[in-house]
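# Descriptive analysis of the structure
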Amino acid sequence: MSAASDHRVFHLLQLTAHRVKTHADRNSLAKAGVTAAQAAVLHVLSRSPGATQRVVAEQLKQQESAITAMAARLAEAGLLVRTPSDVDRRAWALNLTPAGEAALAGFRAPLDELNAALTEALGGEAQVEAFALSLKAILDADL
């Protein structure tokens, strides 16, 4: 058997991702009123005002249908506005509202806290650098 199998790396990745996402969502909902996934959409829009749902989905490596549903929820919550796109009449242009900008700003503190906890759990900045490179290698691998 391989070291990856011996250590059950796939299972450990799944458990870790679930635990970190759950922790991030709880903290960000309590402090900023949005989940980590919602904050990611808001972040993309802060850097690309007027982006379509397709562009947001591509940047976040998500299905467009997932972003469509999330954009509808964020619009209903008053965090973004959807207007017909000037480029494609079938698409929506998405823009942050002031409330969306405030929610995104409020997400910064929980994210900083999580990154500090991850840095401590990994044993310091050098280990974070190595871990990040390993995760990027997995993402770049032809799996």
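Computed from a predicted structure; not experimentally measured. (Residues numbered from 1 in each chain as written. Predicted model: local features only at pLDDT ≥ 70, side-chain atom pairs only at ≥ 80, totals over all residues. Heavy atoms only, no water.)

## Let's talk about a nonpolar patch on the surface
Defined as follows: Within this analysis, patches are made of residues with over 30% relative accessible area and no salt bridge. Like charges are joined at 9 Å or less; nonpolar side chains (Val, Leu, Ile, Met, Phe, Trp, Tyr) at 5 Å or less. Each accessible area is a Shrake-Rupley result for a 1.4 Å probe, and residues are judged covered by the shown protein chains and nothing else. One speaks of a salt bridge when a side-chain nitrogen belonging to Lys or Arg is within 4 Å of a carboxyl oxygen belonging to Asp or Glu. Helical segments are the DSSP runs of H or I of at least four residues, strand segments are the runs of E of at least two, and each set is numbered from the N terminus. Exposure categories follow from relative accessible area, calculated using a 1.4 Å probe and restricted to protein chains: below 20% of the type maximum is buried, above 50% is exposed, and the middle band is partly exposed.
A cluster of nonpolar side chains, contributed by Val9, Leu13, Leu118, Leu122, Phe131, Leu135, Ile138 and Leu143, occupies part of the molecular surface with about 650 Å² of accessible area. Every element with two or more residues in the nonpolar patch is listed here: helix H2 (9-32), helix H6 (98-122) and helix H7 (125-140). Here the nonpolar patch takes three residues from H7, the largest share from any one element. As for its placement among the helices and strands, Leu122 is situated in helix H6. Taking relative accessible area as the criterion, Leu122 reaches 31% and is therefore assigned partly exposed.

## Side note on the side chain of Gln53
Rules: Only heavy atoms matter for contacts: two residues are in contact if any of them lie within 4.5 Å across the pair.
Relative to the assigned elements, Gln53 resides in helix H4 (residues 53-60). Not counting chain neighbours up to four residues away, the residues in contact with Gln53 comprise Glu64, Ile67, Thr68, Ala71, Arg82, Trp92 and Leu94.

## Observations regarding the environment of Leu74
Looking at the element boundaries, Leu74 is found in helix H5 (residues 64-76). Those residues in contact with Leu74 that lie beyond four places of it in its chain are Gln38, Val41, Leu42, Leu79 and Leu80.

## A closer look at unusual backbone geometry
The phi angle at Arg8 is positive, at roughly 55°, despite the residue not being glycine. Relative to the elements of secondary structure, Arg8 occurs in the loop between helix H1 (3-6) and H2. Even without being glycine, Lys61 reaches a positive phi, approximately 55°. Examined against the element boundaries, Lys61 turns out to sit in the loop between H4 and H5. Overall, the relative accessible area of 73% leaves Lys61 in the exposed class.

## Section: the packing of aromatic side chains
The following threshold applies: Working definition: a ring pair exists when centres of Phe, Tyr or Trp rings (six-membered ring for Trp) sit within 6.5 Å. Plane angles under 30 degrees give stacked, over 60 give edge-to-face, the rest tilted. By definition here, charges over rings are those cases where NZ of Lys or CZ of Arg is within 6 Å of the ring centre and within 35 degrees of the ring normal.
Considering all chains together, one arrives at zero aromatic pairs under this definition. Positioned above the aromatic ring of Trp92 is the side chain of Arg82, whose terminal nitrogen or guanidinium carbon lies 5.3 Å from the ring centre.

Geometry only, nothing functional implied.
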